[in-house]
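# An overview of the molecular structure
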Amino acid sequence: MTRKILFFFPENPFSNRAGNITRAKMTLIVLKKLGYHIDLVGVDEIYKHLNDTTKVDEDIIDNLFLIKQKPPKIKTSSDYWKYKISKLHKKPNPYNNSLTDFAKKEFKSIFNKKNYDIIIINYEFWTGLIDHESMKNTLKIIDTHDWITLNEFYKDKSLDIGKRFNEEINNLAKFDHVITISEDEHLVFKRFLGEKVKNIPPSFPSYFEKNNSDKKYDLIFVGSENIFNIKSMQWFFDNVYPLFPTTLNIIVIGRICKHLEKREGVELVEFSESLEEYYHQSKISICPMLEGTGIKIKVIEALSYGLPIVGTERAIDGFSSKTLNGCLISDNPEIFKDKIMSLLQDPLYYQKMKNQAEEYFKNNFSEEKAIEKWKKLIP
């Protein structure tokens, strides 16, 4: 009998909107290749807010369920009045106001209709969806995606770090397995939670190609419009871009484009259903991240195409090796520029870094590596 997974991810993992979305989709692909029946759960209000469709890959997902944060406004409904009363007497979750009692009830109802073998929750701040009494005989896995306390601290320097980190660790402790994707975070969480913490880095199929000539773009950057990407690209265009010769061609893809102005030699593409053509037409991927936590999905994706990376120190957060990984690193704008130009002007050096990128990807981020790790984790 095919074993069943209930997989919670608040957004549509098939929306191709950002790195975290892409990674959730790749995890689903790996789980399907392992032969599981997968039901996907999202949050109705979040789908609507992000204009996500309910279109999913039916070869991967068997059923899609959307839970609601609040019941329909029907005054004869007991759920409606319970929700209204709870709003008067109960403070919303300070770290996730979408996690309401009604959302928990909806998730529990979905679970109770089938005999699921495994529940996978994405993000620590959705831990409250788990009802430990009714779900006690089900294997429960949390996919952290990120060190949430540190991520929230970057956004709010007044955060009570001790209180928030204590809550994060207590929430993670409620699961049978805790998945990290960054070697740095794996080491932190393992100190507190022991062997239940497993590191499964992001995975992609490889798209290597041998032809390095006749590329349309010298540089490519792919990013959503989160604050970390916005700050990073502002730094790049203010400090590095003016140092380049005017002949350089740069492409930027993603909603980050809404926050960038047109510049000479820069093409802005706000959305693309597929990035494959753009990566194959590019020589170097850049990742000038200044803040943010966790491994950078955009870097792994670029490595999957065999592209050398030029980035700041944050670009290789979470890597098991800080050298011999296909990435050239500097936080200094002049040196950042020099590293890019050395790759563009020296074909032998470029090929050496390309080979290094491909080798590091195959050894750490290939789909085969992810399948091996998940096989050891779940029955």
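Residues numbered from 1 in each chain as written. Predicted model: local features only at pLDDT ≥ 70, side-chain atom pairs only at ≥ 80, totals over all residues. Heavy atoms only, no water.

## Quick look at the packing of aromatic side chains
Counting across every chain of the model gives 19 aromatic pairs. With a centroid separation of 5.2 Å and 75° between ring planes, the pair formed by Phe-236 and Phe-237 is classed as edge-to-face. Among the residues examined, Phe-236 registers a relative accessible area of 0% and is labelled buried. Each member of the aromatic cluster is reached from another via a ring pair, and the members are Trp-235, Phe-236, Phe-237, Tyr-241, Phe-244 and Phe-336. (Phe/Tyr/Trp six-rings, centres within 6.5 Å; stacked < 30°, edge-to-face > 60°. Buried < 20%, exposed > 50% of the residue type's maximum accessible area, 1.4 Å probe, protein only.)

## Here's the deal with the sheet that holds strand S5 (residues 139-143)
Pairing is parallel across the open sheet formed by seven strands, whose spatial order is S3-S2-S1-S4-S5-S6-S7. Edge strands, defined here as strands with exactly one partner in the open sheet, are strand S3 (63-67) and strand S7 (197-199). Averaged over neighbouring strand pairs, the angle between their axes works out to 20° when direction is ignored. Note that strand S4 (residues 118-122) and S5 share five bridges and pair parallel. Counterpart to Ile-119 in the pairing with S5 is Lys-140. (Pairing = 2+ DSSP bridges. Helix = DSSP H or I, 4+ residues; strand = E, 2+ residues; numbered from the N terminus. Axes fitted to C-alpha atoms, helices over the stretch in contact; angles between N-to-C directions.)

## Overview of the pattern of salt bridges
Counted under the stated rule, the structure contains 27 salt bridges. Among the salt bridges present, the one from Lys-68 reaches Asp-44, with a minimum N-O distance of 3.1 Å. Highlighted residues: Lys-68 in the loop between S3 and helix H3 (78-89) and Asp-44 in helix H2 (residues 44-49), separated in sequence by 24 residues. In this structure, Arg-164 engages Glu-124 in a salt bridge whose closest nitrogen and oxygen atoms are separated by 2.7 Å. You can see Arg-164 sitting in helix H6 (residues 161-172) and its partner Glu-124 sitting in the loop between S4 and S5, a full 40 residues away along the chain. (Salt bridge = Lys/Arg side-chain N within 4 Å of Asp/Glu carboxyl O.)

## So, the domain arrangement of the protein chain
On domain assignment, one finds that the protein chain holds domain 1 (4-203 + 367-377) and domain 2 (217-365). Taken residue by residue, the interface counts 26 residues in domain 1 and 22 residues in domain 2. Together domain 1 and domain 2 conceal approximately 1800 Å² of surface at their shared face, both sides included; 59% is due to carbon and sulfur atoms. At the boundary of domain 1 with domain 2, the tally comes to one salt bridge. Lys-322 is the partner of Asp-184 in a salt bridge, and the nearest nitrogen-oxygen pair spans 3.8 Å. Viewed at the interface, domain 2 and domain 1 are joined by two residue pairs in polar contact (both at pLDDT 80 or more). Of all the secondary-structure elements, those providing two or more residues to the side of domain 1 that touches domain 2 are helix H1 (19-33), helix H5 (148-155), helix H7 (183-193) and helix H13 (367-377). Residue composition of the side of domain 1 that touches domain 2, by class: eight nonpolar, eight polar and ten charged. (Domains from an automatic or database assignment. Contact = heavy atoms within 4.5 Å. Buried area = accessible area lost by both parts, 1.4 Å probe. Polar contact = N/O pair within 3.5 Å; in protein donor to acceptor, adjacent residues only side chain to side chain. Nonpolar A, V, L, I, M, F, W, Y, C, P; charged D, E, K, R; others polar.)

## What to know about H13
Burial in H13 covers these residues: Glu-367, Ala-370, Ile-371, Trp-374 and Leu-377. Looking straight down H13, one finds that the buried residues subtend no more than 125° of arc, so they occupy a single side. Seen from the buried face of H13, the exposed residues on the opposite side, beyond 90 degrees, are Glu-368, Lys-375 and Lys-376. Buried residues in H13 make contact with H1, S4, S5, strand S6 (177-180) and S7. (Arc of directions from axis to C-beta.)

## Notes on H6
A rise of 1.5 Å per residue sets the reference length of H6, with its twelve residues, at 16 Å; its end C-alpha atoms lie 16 Å apart and thus fit the reference within 8%. Turning to H6, its buried residues number three or more, namely Arg-164, Phe-165, Glu-168, Ile-169, Asn-171 and Leu-172. Down the axis, H6 shows its buried residues gathered within 160° of arc, on one side only. In H6, those exposed residues whose orientation departs by more than 90 degrees from the buried face are Gly-162 and Lys-163. For H6, the elements touching its buried residues are S5, H5, S6 and H7. (Expected span 1.5 Å × (residues − 1).)

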